[in-house]
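# Understanding the architecture of this molecule
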Amino acid sequence: MPRKLYLETFGCQMNVLDSELVLGQLRAQGYESVDHRDQADVIIYNTCSVREHAEQKVWSRLGELRERKAAEPNLVIGVIGCMAERDGTNLFKRHPHVDVLCGPGELDKLPSLVHNAVVTGTGAKGERQIALMGNTSRRSSTLSAAEDTLELLDLSRSISPGDEVTQAYVRITRGCNKFCTYCVVPYTRGPEVHRPPANIIEEVKKLTDAGSKEVTLLGQTINHYHYKHGDGRETSFAELLYQIHEAVPDLPRLRFVTSFPRDFSDQALQAMRDCSRICRYLHVPAQHGSDRVLKLMNRGYTSAQYIDFIDRARGYMPDISIASDFIVGFPTETEVEFQQTVELVKRCRFKNSFIFKYSPRPGTIAIDRFEDDVPEEIKRRRNNELLAVQQQVSAQSNAELVGQTLEVMVEGESKLVSRQARSAYPASQVELKWESRQLTDPSPVETQLVGRTRGDQVVCFQGDLSLKGQLLDVQITSAQNLTLFGKLAEATVSQGK
Ligand code: SF4
């Protein structure tokens, strides 16, 4: 009988992709994935250390499993991802019933770790299976993807009939070299390693052949992508975009996240402008409007340089949609400096911003170097003020879209979570959370659908659930701060697009 596996993912798109790949490898070894951990023989949490909230959820999940592990010693519990790497074996002090620990830079080893824990019963004997990046050779920034066994994890991607691939992620770069003072990623994911263009293109083709309509390329600082070939030639990020666009003509939408405000070449902007199937959308975190605070954050640019990039992008593509991230209440932030962030949001007219109150994260430079000296109530007030300004900006830019017909990728039934439920999400989160329901009932049901435009705007409209996964033209009839509302365009209805 196949062993049952439950895998829960926290954090960013990179973790979602890692989970998908790990799941594929474990399935190939005979594991069957289940929807509830009570049914599982192996329980794995793929974790995130960027926000305290996500870590707390994992701590509480692990605490809930303590009694079950005592009653079922053969149960295997694994923690993978950034918390595993950041906390290391300290994690066992709090949760000695965890059997497997694997950092995000070592995930290619996970199948054998799980195999050891399950088959040899090391979990039951109290022995642990551990793979952390620590000081392994992957720390070397000269390491090429071709020499990296982690590349095999990405290449192992298998698509089975019934897998949901309409929207898919493809990694192009691992790790980060920026060392922003508030961030753990360079320590948990290691230095930047760029994947060979041929492997990336092959993966995008494979997904498109299997039915993907939108592929999002992933990298922590994606515009840094550059691959050095054995013969000395280099492929830049712009060249990679052109190559994918040309090599995979059947893919309707190509996106990428996350961009770093520096080192974004004109050539990459030209590629976005020239290639009709690349979505004109950028997620480019500014983090702050004050040059002094940006320096404390070690971001490596000034607000003037950030604005210059935004203006350059809009110079090439006046209709581009841009989203950003901000931290309020960074140590020593003054009221005047906070107002510089407010001015930046007004000046740059972001589609939306993800706004977070600073909280010191273990393992970062900032926690050691700076006192967390902005009182909580001031952080909260600044957070709400910035949120209100962003909402005004979003409402204005959304209003400009009323009357237009936009292509929408239908994600499923829209179900705006109730105000009560929404309060469970970080208060600063600008984006509303939507839930998509899988199509289980084949009969057409007129319902409220939700989807996204090429510019990543959320659109709601009436339609039947069988439209999930399709690209449709929707005429925008009204707008709110965060959502557009519309109806299926006439041509779409008549052509049954
Ligand atoms: S660019 Fe900065 S914030 Fe982004 S992953 Fe790298 S260190 Fe973290």
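Since this is a predicted model, take the numbers as computed values, not measurements.

## Re the confidence of the model for the protein
Of all residues in the protein, 88% attain a pLDDT of 70 or more, and the chain-wide mean is 88. Segment residues 417–445 is flagged for pLDDT under 50; beyond a separation of four residues in sequence, or across chains, it makes 55 contacts in the model.

## Focus: the pattern of salt bridges
Tallied over the entire structure, the rule returns 40 salt bridges. For Lys 346, the salt bridge is made with Glu 343, and the minimal N-O distance between the two is 3.8 Å. One end of the pair, Lys 346, and the other, Glu 343, are both in helix α14 (residues 335–348), three residues apart, so they sit about a helical turn from each other. On the accessibility criterion, Glu 343 (44% relative accessible area) is partly exposed.

## Some remarks on the site of the ligand
Around the ligand, the surrounding shell consists of Cys 176, Lys 178, Phe 179, Cys 180, Tyr 182, Cys 183, Val 185, Pro 186, Thr 221, Phe 260 and Arg 299. Per-class residue counts for the shell around the ligand are eight nonpolar, one polar and two charged.

## Points about the packing of aromatic side chains
This model, assessed by the stated rule, comprises 12 aromatic pairs. Between Phe 260 and Tyr 301 the ring centres are 5.8 Å apart and the planes differ by 75 degrees, which places this aromatic pair in the edge-to-face class. Taken together, the residues Phe 260 in the loop between β13 (253–257) and α11 (266–274) and Tyr 301 in the loop between α12 (291–296) and α13 (303–316) connect sequence positions 41 residues apart. A relative accessible area of 3% places Phe 260 in the buried class. Ring geometry for Phe 330 against Tyr 358: centres 5.0 Å apart, planes inclined by 70 degrees, an arrangement best described as edge-to-face. Here Phe 330 is found in the loop between β15 (321–328) and α14, whereas its partner Tyr 358 is found in the loop between β16 (352–357) and α15 (365–369), with 28 residues between them in sequence. Relative accessible area serves as the criterion here: at 0%, Phe 330 is assigned to the buried category.

## With respect to the nonpolar core
Membership of the largest hydrophobic core comes to 56 residues, with the highest contact counts inside it found for Leu 217, Phe 256 and Leu 282. Once residues within four sequence positions are removed from consideration, Leu 282 is found in contact with Phe 256, Ser 259, Phe 264, Met 272, Phe 309, Ala 313, Ile 320, Ser 321, Ile 322 and Ala 323. Of all hydrophobic cores here, the second largest spans 28 residues; its members include Leu 7, Leu 21, Val 22 and Val 100.

## Considerations on unusual backbone geometry
Look at the link from Val 257 to Thr 258: it is a cis peptide, with omega at 0 degrees. Structurally, Thr 258 is set in the loop between β13 and α11. In the Ramachandran plot, Asp 263 falls in the positive-phi region, its phi being about 65 degrees despite a non-glycine side chain. Structurally, Asp 263 can be placed in the loop between β13 and α11.

Here is what the cut-offs are and how they apply
- Residues numbered from 1 in each chain as written.
- Predicted model: local features only at pLDDT ≥ 70, side-chain atom pairs only at ≥ 80, totals over all residues.
- Heavy atoms only, no water.
- pLDDT = per-residue confidence, 0-100.
- Contact = heavy atoms within 4.5 Å.
- Salt bridge = Lys/Arg side-chain N within 4 Å of Asp/Glu carboxyl O.
- Helix = DSSP H or I, 4+ residues; strand = E, 2+ residues; numbered from the N terminus.
- Buried < 20%, exposed > 50% of the residue type's maximum accessible area, 1.4 Å probe, protein only.
- Near = heavy atom within 4 Å.
- Nonpolar A, V, L, I, M, F, W, Y, C, P; charged D, E, K, R; others polar.
- Phe/Tyr/Trp six-rings, centres within 6.5 Å; stacked < 30°, edge-to-face > 60°.
- Core = buried A, V, L, I, M, F, W, Y, C linked by side-chain atoms within 4.5 Å.

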